[in-house]
Amino acid sequence: MNAIIFSAIWGVLMMFSGIFIKTKAVIRNLAIAGVALLLVVNLAELNHLLNLHINVRGMLVFDSFGMLFNSIAFAATLIYFLLSARDIEDVGVNQAEYLALIFFVLCGISIASSFNTLLMLFLGIEIISIPLYILTGSDKKNLKSNEASLKYFLMGSFSTGIMLMGIALIYGATGSFAVVNLAKQLDGFAPVMMAGLLLLLVSMSFKVSAAPFHFWTPDVYDGAPTVFTSFMATIVKAGLFITFVRLFDAAYGPSLAQWRLTIAFIIAATLFIGNITAVFQRSVKRMLAYSSIAQAGFMFFALFGYNEYAKEGIILYAAAYSLATIGIFAILIKMKDYTFDGYNGLAKQQPLLAFVNTIFLLSLAGIPLTAGFFAKYYMLLAAVKSGAYLWLVIFAVLCAAVSAYYYFRVIQAMYFKEGNGQVKEISPGFKLVLGILAGLVILLGLFPQLLLVHLYF
Amino acid sequence: MSQLVFLVPLFPLLGFLINGLLRKQLSKPATGFIGSGAILISFIISVVLFLDVKAGKTGVVELFDFISFGKVHIPFAFLVDQLSSLFLLVITGVGFLIHLYSTAYMHEEENQHFARYFSYLNLFIFSMLLLVLGANYVVMFIGWEGVGLCSYLLIGFWFKNNAYNNAAKKAFVMNRIGDLGFLIAIFYLLATIGSVTYSEVFAHAPELSATTLTIITLLLFVGATGKSAQIPLYTWLPDAMAGPTPVSALIHAATMVTAGIYMIARSNILYTMAPVSQSVVAIVGLATAVLAATIALKQNDIKKVLAYSTVSQLGYMFLGLGVGAYTGAVFHVITHAFFKALLFLGAGAVIHAMHHEQDIRRMGGLKKYLPITHITFLLGCIAIAGIPPFSGFFSKDEILAAAYESNKIYWVIGVLTAGMTAFYMFRLYATTFLGKFRGTHDQEHHLHESPAAMTIPLVVLAVLAVAGGWIGIPDVFIKDGHWLEHFLHPIFEASYKLKEAHVADHNTEFMLMGVSVLLAVIAIVYALNKFSKKPDLQEADGFGKVLANKWYADEFYDALIVKPLNRFSKFLDNVIEKSGIDWLVNGVGRGVQYSSRQLRLLQSGQVGSYVLLMIAGIIMLFVLQFFLKK
Amino acid sequence: MPVNYYIFVSLALFCIGVIGVLTRRNAIIVFMCIELMLNAVNLLLVAFSKMHHVMNVAVNPSAGIDGQLFVFFIMVVAAAEVSVGLAIIVMMYRNTHSVDINFLNRLKH
Amino acid sequence: MAITQILFWFLTALAIGSALMVVLSKNPVYSVLFLIVAFFAISGHYILLNAQFLAIVNIIVYAGAIMVLFLFVIMLMNLNADLNLKNNKLVRFAGFLAGMCLFLVMVAALKDAATKKQLVQTTAGDIGLIKNLGLALFNEYVVPFEISSVLFLSAMVGAVVIGKKE
Amino acid sequence: MIAVLLIMIPLLGGLLLFTVKNEGSAKSIALFTSIAVLAVSLLGLTVMNSPADLNCDLRWISALNSRFHVGLDGMGQLICLLTAISFPLIFVATWSNVYKNGNRFYALMLLSQAGLMGVFLAMDALLFYFFWELALIPVYFLSSIWGGEKRIAATFKFFVYTFAGSLIMLVGIIYIYFQAGQSFDMHAWYNLKLDAGTQNWLFWLLFTAFAIKMPIWPFHTWQPDAYEQSPTAVTMVLSGIMVKMGVFAVIRWLAPVLPDGTYLWGDTVSLLCLTGMIYASLIAIKQDDLKRLIAYSSIAHVGLMCLAIFASNKSGLQGTMMQMFSHGVNIIGLWIVANTIETKYGTRKLSELGGLAQKDPALAILLVIVALANIALPLTNGFVGEFMMFNGVFSSSVTRYGVIDMAVAGICIILSAVYTLNMIKKIFYGDSNTLTKSGTPTSFPVLASLSVIVVLIFITGVYPKPMLQLTNDTVDAILRYMKTSI
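Residues numbered from 1 in each chain as written. Chains lettered and ligands numbered in written order. Predicted model: local features only at pLDDT ≥ 70, side-chain atom pairs only at ≥ 80, totals over all residues. Heavy atoms only, no water.

A. Looking closely at the packing of helix α10 (residues 245-254) of chain B against helix α15 (residues 326-353) of chain B. Residue and element names in this part refer to chain B. Put simply, α10 and α15 touch, their axes get as near as 8 Å, and they point 160° apart. When the interaxial angle is binned, α10 and α15 end up roughly antiparallel. For the crossing formed where α10 meets α15, the hand is right-handed. Between α10 and α15, the residues in contact are Thr245, Pro246, Ser248, Ala249, Ala253 and Ala254 and His336, Ala337, Lys340, Ala341, Phe344, Leu345, Gly348 and Ile351, respectively. (Axes fitted to C-alpha atoms, helices over the stretch in contact; angles between N-to-C directions. Helix = DSSP H or I, 4+ residues; strand = E, 2+ residues; numbered from the N terminus. Parallel < 35°, antiparallel > 145°, perpendicular 65-115°, else oblique. Left-handed = near helix turned anticlockwise from the far one by under 90°. Contact = heavy atoms within 4.5 Å.)

B. Geometry of the interface of chain A and chain D. The interface is formed by 35 residues belonging to chain A together with 26 residues belonging to chain D. Both sides of the chain A and chain D interface together cover about 2,600 Å² of buried area, and 83% of this is carbon and sulfur. Of all residues in chain A, Arg57, Ile134 and Lys140 of chain A give up the largest surface area on contact with chain D, accounting jointly for 20% of the area buried on that side. Our count for the contact surface shared by chain A and chain D stands at 0 salt bridges. Counting only elements with at least two residues in the side of chain A that touches chain D, the list comes to α1 (2-20), α4 (95-112), α5 (118-136), α6 (143-174) and α7 (190-207) of chain A. With 8 residues, the single largest contributor to the side of chain A that touches chain D is α5 of chain A. (Buried area = accessible area lost by both parts, 1.4 Å probe. Salt bridge = Lys/Arg side-chain N within 4 Å of Asp/Glu carboxyl O.)

C. Examining the environment of Arg106 of chain C more closely. Tracing the backbone through its elements, the reader meets Arg106 of chain C in the segment after α3 (65-96). Leaving out residues up to four positions away in the same chain, Arg106 of chain C has contacts with Leu143, Lys144 and Glu147 of chain A.

D. Geometry of the pattern of salt bridges. For the structure on display, the rule yields 33 salt bridges over all chains. Residue Arg28 of chain A is joined to Glu89 of chain A by a salt bridge in which the shortest nitrogen-to-oxygen separation is 2.7 Å. Here Glu89 of chain A lies in helix α3 (residues 64-91) and Arg28 of chain A lies in helix α2 (residues 24-46), a separation of 61 residues in the sequence. Summarising the burial analysis for this pair, Arg28 of chain A and Glu89 of chain A share the class buried. The closest approach of N and O atoms between Lys465 of chain E and Asp65 of chain B, which form a salt bridge, is 3.4 Å. Here Lys465 of chain E is found in helix α21 (residues 465-481), whereas its partner Asp65 of chain B is found in strand β1 (residues 59-69) on a different chain. Taking the relative accessible area as the measure of exposure, Asp65 of chain B reaches 12% and is therefore buried. (Buried < 20%, exposed > 50% of the residue type's maximum accessible area, 1.4 Å probe, protein only.)

E. Main features of the packing of aromatic side chains. All names here are of chain E. In this structure the tally under the stated criterion is 127 aromatic pairs over all chains. With centroids separated by 5.2 Å and ring planes inclined at 90°, the aromatic side chains of Phe105 and Trp146 adopt a geometry described as edge-to-face. Of the two residues, Phe105 is situated in helix α5 (residues 102-121) and Trp146 in helix α6 (residues 125-146); the sequence distance between them amounts to 41 residues. Owing to a relative accessible area of 1%, Phe105 belongs among the buried residues under this scheme. A ring pair is formed by Phe203 and Phe207, whose centres lie 5.2 Å apart and whose planes are at 15°; its orientation type is stacked. You can see Phe203 and its partner Phe207 sitting in helix α9 (residues 196-213), 4 residues apart, about one turn around the helix. Here the two residues Phe203 and Phe207 agree in accessibility, since each one is buried. (Phe/Tyr/Trp six-rings, centres within 6.5 Å; stacked < 30°, edge-to-face > 60°.)

F. Representation of the arrangement of the chains within the structure. With 8 pairs of chains in contact overall, the contact-richest pair is chains C and D. Over all C-alpha pairs, chain D and chain E never come within contact, reaching a minimum spacing of 38 Å.

G. Here's a closer look at unusual backbone geometry. For the bond running from Ala211 of chain A to Pro212 of chain A, omega is 0°, close enough to zero to count as cis. Take Pro212 of chain A: it is sitting in the loop between α7 and α8 (216-223). Between Ile231 of chain B and Pro232 of chain B the backbone carries a cis peptide bond, its omega angle lying at 5°. A positive phi angle is found at Tyr306 of chain A, which is not glycine, with a value near 55°. Of note, Tyr306 of chain A is situated in the loop between α11 (284-305) and α12 (308-334).

H. Geometry of α6 of chain A. Residue and element names in this part refer to chain A. Between its first and last C-alpha, α6 extends 46 Å over 32 residues, near the 46 Å set by a 1.5 Å rise per residue. A large share of α6 lies buried, amounting to 30 of its 32 residues. One side-chain oxygen of the residue at the start of α6 lies 2.7 Å from the amide nitrogen of Lys144, identifying that residue as Asn142. Positive phi appears at Gly175, one or two residues downstream of α6, with a value of about 80°. (Expected span 1.5 Å × (residues − 1). Polar contact = N/O pair within 3.5 Å; in protein donor to acceptor, adjacent residues only side chain to side chain.)

I. Broad picture of the state of the cysteines. If you walk through the whole model with that rule in mind, you get 0 disulfides over all chains. The structure places no disulfide on Cys15 of chain C, whose sulfur is separated from the nearest cysteine sulfur, that of Cys101 of chain D, by 10 Å. Not engaged in a disulfide, the cysteine Cys80 of chain E finds its nearest cysteine sulfur in Cys56 of chain E; these two sulfurs lie 14 Å apart. Since its relative accessible area comes to 1%, Cys80 of chain E is described here as buried. (Disulfide = S-S within 2.5 Å.)

J. How the structure looks around the environment of Tyr429 of chain B. Residue and element names in this part refer to chain B. Structurally, Tyr429 is set in helix α18 (residues 408-433). Spatially, the C-alpha atom of Tyr429 lies 48 Å from that of Leu63, the residues being 366 residues apart in sequence. Within polar-contact distance, the side chain of Tyr429 engages the side chain of His374 at 2.5 Å.

K. Summary view of the side chain of Lys376 of chain A. Residues and elements named next belong to chain A. Turning to its location among the elements, Lys376 is positioned in helix α15 (residues 371-386). At 2.9 Å, the side chain of Lys376 forms a polar contact with the backbone oxygen of Leu364. Among all residues touching Lys376, those that are not within four sequence positions of it are Gln295, Phe298, Tyr317, Leu364, Ala365, Gly366 and Ala400.

L. Quick look at the interface of chain C and chain D. Each partner contributes to the interface: chain C provides 73 residues, whereas chain D provides 81 residues. Buried area between chain C and chain D, summed over both chains or domains, comes out near 6,900 Å², and the portion from carbon and sulfur atoms is 79%. The interface formed by chain C and chain D contains 0 salt bridges. Counting across the chain C and chain D interface gives 10 residue pairs in polar contact (both at pLDDT 80 or more). Going through the elements one at a time, α1 (3-23), α2 (27-56) and α3 of chain C are the ones with two or more residues in the side of chain C that touches chain D. Looking at the side of chain C that touches chain D residue by residue, the classes come out as 53 nonpolar, 13 polar and 7 charged. (Nonpolar A, V, L, I, M, F, W, Y, C, P; charged D, E, K, R; others polar.)

M. Local environment of the pairing of strand β1 (residues 56-61) of chain E. Residues and elements named next belong to chain E. Relative to strand β2 (residues 66-70), β1 runs antiparallel, the two sharing 5 bridges. Opposite Ile61, over in β2, you have Ser66 as the bridge partner. If you look at the hairpin formed by β1 and β2, you'll find 4 residues sitting between the two strands, and Asn65 has a positive phi there, around 55°. (Pairing = 2+ DSSP bridges.)

Quick look at the structure:
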């Protein structure tokens, strides 16, 4: 609850700060302080030190899973601000409002990660989506940005319609929106229920950009201002996935047998389309968009597996993926040229940047010693433990091998190709944070349990 | 005393190391001294060993544990018995003489190559000794490959000349083919008997089935054909004449090439129990003998003639082995070692005098320039022609007698071959030494008898070539005159017990000798007065051409094996590898690229199509959920 | 009234909305079709709420009420979406003087 | 045939018909107007289902506010003149086909569910009355009610950020 | 203790080197570190060889019940010794090579050594996989940065190929992990009895990765390109040690864990090995590029090792281990020569070389010895290994085709002689040409390292007993789990 309240309040605060404070630095630091505070209070609640008791009437439920994820999300956002808050100022004049919207998104995430009725799920997701439509279009003069936000908005609200239809059908079947009733075994209403769940599944797949509902992702990620792409592709995506996992555990898990094939189909399609299409991209930004689809395919194993490894794994995956991608985007923002060739010879210009970037990329590719490895590893564990569809697992690892192709293209460009990758000026603080981030990735790659222990108390 | 047997190979090894490592520092005399000295010492030790073997003190000396795994246990052990000690004498003795000879013969070589030569030579003696001394087949195999290596090194001694290098390579590879057979035989023994130590193998041999024995013995024989230049692996030996002449004398006449005979003689019991293999050995030997002899008839290179005669003589020995005359074979090995070494060294002296001219058509009349060489060479020729009481006569006739006993046809062909031998040897002798000189003037001007270091070995060997046969005088002349047979009896008695060698009565034996001697004499006389007057200088034609071209055997192998192999390997590299497997592997990558290019087009950038695809997806999922899954 | 009638009616409206989204290129019309879809959902929800009311009114006099409240929230969200959506469309119109959803097609492949 | 049934069929026909017109009519303004009609028809359904509050809200919020907003925008861009934004035949056919398939599939999925035995209570039941709704809204549903304020805030901010000229 | 040191010393040394900017000192630090590793491994071989010293078992990821368990058994000792010996040799032999940013080069080399050590020491499957991947990364960078002109493509092919393989292996590992009651422990895996049906397909999940690494025909096509393009120092690591990873892994993680699978697929794999041996030898005959020639010869040799493993008897396994060591040493020797020639004459084309024997007799002699060891001449280390392997194949009791296998494999003895002698002849014999006329004797470091190799060749060739004893118990232990007869 702390997270929701504080993020909402801070959002309002940022909103007004735009009016009263004129120096950008102050606003920025205010936002950073806000996220820090959010992180603190959330951790406090996670460790049962301080939580505001509000009777939510069973609309929300706060368990360690959701709150642990919230902490990850806030920590990621903190790093994200530290790295890229400066670049938010370059997008447009309404810095404060952007920050406010980001806080509202965080609020939405913390609602969605703790929903207990479909109503809250719906509201949470809408609170996440609507500010994102805005942020996508925030670069108003840029037609790409316009296009992206229009596409995002139209398709987003379309998927909202589908989700609502699903919820309506579910309501028809169960007579309530409470999550607890989703697992109810119904005799006559089963088809209605299943239709509803299916539509819900579709709309959630849309939100986490799983094939064949992923089409908005590349365009939106590509068109949006890179800072916000970074935010969308990492924290928001992870948040939505956590939401999805919660929903899945409640609604689909109990009757997993009849959903497995569908999920398997979605996974296969997502992995295939994401990885294969990424191979041929020229722009790193767009490649990352596709790679985020591919990664989503892997995260889906958390749903497919539906066992303790899945829960641990998705947390780990969320952390690993968000951290690495934030880092990569932070560096991408500093590049003058977003194509692969733009990275040529970066290792000579900026050895540190090249090095940490390599670590992040390796993590995404799932090489040992990085967090990404254990993330993928847990997913495979979950999948194999479920004991179904080993072919799917093998297909997945082959796709992972393909993914190495496009991730390593960046590394090749940075280290092995001649050229001078142009970068904007970089502050030592930026480098420091990047270093810390890389350190985190390695640390999680060595001792994943550092994160996972928090799930169990 | 036999405990000191390890000294015998030790000294050559030391000689090899010293000469090899200090080849730049040592002066030529020093090198020569060390090289020959090492052999001399081991010769002396061998004599000592021989003496107390003669006194009946044989034994096995186990130096250390070479390879052992599980129950298999292969020690690095030496066996001192009649057979090995006899070979020791020959190897070290002849070896020493040839070392001595070489000090003079190789004198023009520059310092380090001179040293290199001697170190190789010592290494060869070392390996040869291992081969002979080994108490099990693996140690024998070590020496076996070692001598192969040394012959490779020595044939290619003048490595600037690529023809020589190819000859060396050919020799090594052909030997390897044989060695593979040997190796498989060893594995067979390990698999069936579980040991490769002679004593155990021979002890357990009777337990083996006839087929197994046949297979093993045949495989061993394959090894022998490689090493001892029998059909089909004989072609390397003539080419091996590329090496320095002393080397040809030592390796390619006296010692290494007889390794095959040694091996079979050593495992005689196995062969006696496998009659099939025995007859194979006999036939192959005989065939080789004839084939080589015919080729030798038309060769004009002094060393080539000797080389083919060697091949032919080796064939003889295998014939002997094949018909069960093991003693005879060994006997012939010894005598052949004497006279063939003598002949080669003589040829070497000639070549040396003629400034590396080897074509006999440009020689002639050397009699008056090289008296000692001439005499000794003549003696050698008589010996090989098998004229009593020269050494060749006794050993050859023992083999022929045995051949007669086992199969008349063997004998007939054998005798004919003997005749041919006599003929081409005296053709060689006559064209070289008789008649008038046909070389250039400054060659004639420089003609001179060789230095003492070369002539002494000639003389010594000549003596041996004459008298060497007297260790095996058949009963028909002197009762129990066959000392060698008695000496070697312990080695072969098992075989003889198994298959009583039925001895011909004296009359037949006289008849046989008479025939062969007569034939030889006729051939000699004919050859002498044919070639001393007007040697055939022009190129051979008609059938002679075929012989001169060695029945086109090399061309045949080239077309049948070498060329196809090369073509095939090119084919594999360019077709299978590059445009086959690798193409497939890269094809995966290309496939990914291609499908990537195609899938991109799905991302048309139009909301309408996106939504359409989404709806299609929804419909599909509905169908999947509701109507397919039942 | 059988509830199936309502289900089919709202499904029909919903699909008409979908068809509109698929066939029209005018951003505003597309958006209106989406609103139509939402209303179809609303109708369905109300129908279901009344259905559940009759089913469970015995145990719970206010059964089925949350369905109608949900409709209320949907309207809230719809209003919010409309404000944002129209703002976006207007922005795009400012830049391109077109409301054709296929007019902007820089982002593809 | 009872009056409610007559009304039901009439309203249904009206709703579907006008919905179709929304999609089909060339002129955006007509579409808006037809949409308003459709909304009224749906409100009629609400009343039939005795959900007066929703009926009123629907008319005020949708037909009133939202649709007027749409009209404003259309006028403002004077799109009333039909700028023929027509997809080509194929696309339209494909879209129509897809929509119909979706409809058929869903109907097929739902037709023989237990719902077909269930009846909907019309012209009775008081859950649709403001009093009960208000009670529920401010008791069980107070949290979402509050949270939707966040939604509105973000929408407002967004609208301002996007909308205002720079 | 020893085990940990073997990993940590090169690891820390490597990390340290990144900070050292001075080339010269970087070199010497690298050399020093590698020598320290050698010292440690010798220590473990001689003095501190009690299990307590050799093993180390710490808790790592308790959630997965995976432990940081490293240890040395006989086979480990042998292969670690190889790894430890190789690196100083490599460093010394390539002492004169100059690399851009040399310190990074040597750092990565040491890191790869750490990774390799880890692979050979890991007693925990997850840890094994961890190092298996880690060993690859530094090599990838080494080859891609300092390699030949087509390096990026070639190395990347190599990387993706092996990466795909090891990912498939990962699936297999996870599967077994669950079958083994959620344990990665090696012995738990050994004692696990899976039903033949499972092993039947599971086998390929693991073997694919190993086959690619070794490489077994037809998974080999990455190898010649990678060897050709990598800097020779790296090629030495690749062919000397990395290739052994595959062989080692088959012995340690495949044969005992999936005995039935190994048995069922034995003949198939043997067929592949044989095909590969003949195929590679034949191609080697006509290779003109020195590096490619050696690459193909190494394919042939590895094929024999794999063949011998699947003979699954004592002779075969011990021979393989012996040969792993010998082949490692010999091939490094060959690469040293290749490197010397390439750096000195700027070409690897045999057709352009010749007559070096007069210019550089020392090198000639050493190469001849190494080459002869490579074709398994008796009294060299090559012979012992090959003899035992052939004998193992011949007397294998898990296949009916042992004799044929051995005979066919034996053909490679002949072919290997052909291409090796070709190589010697074309490089050293004949008369010197314009290119080699200016030949000079080789520098001391190279000769020194080659001499060390030659000494090793003879010691282990004449008196292999210590090594055989070293691996004896390991082999018995493994055979206890394997299926050793039809």
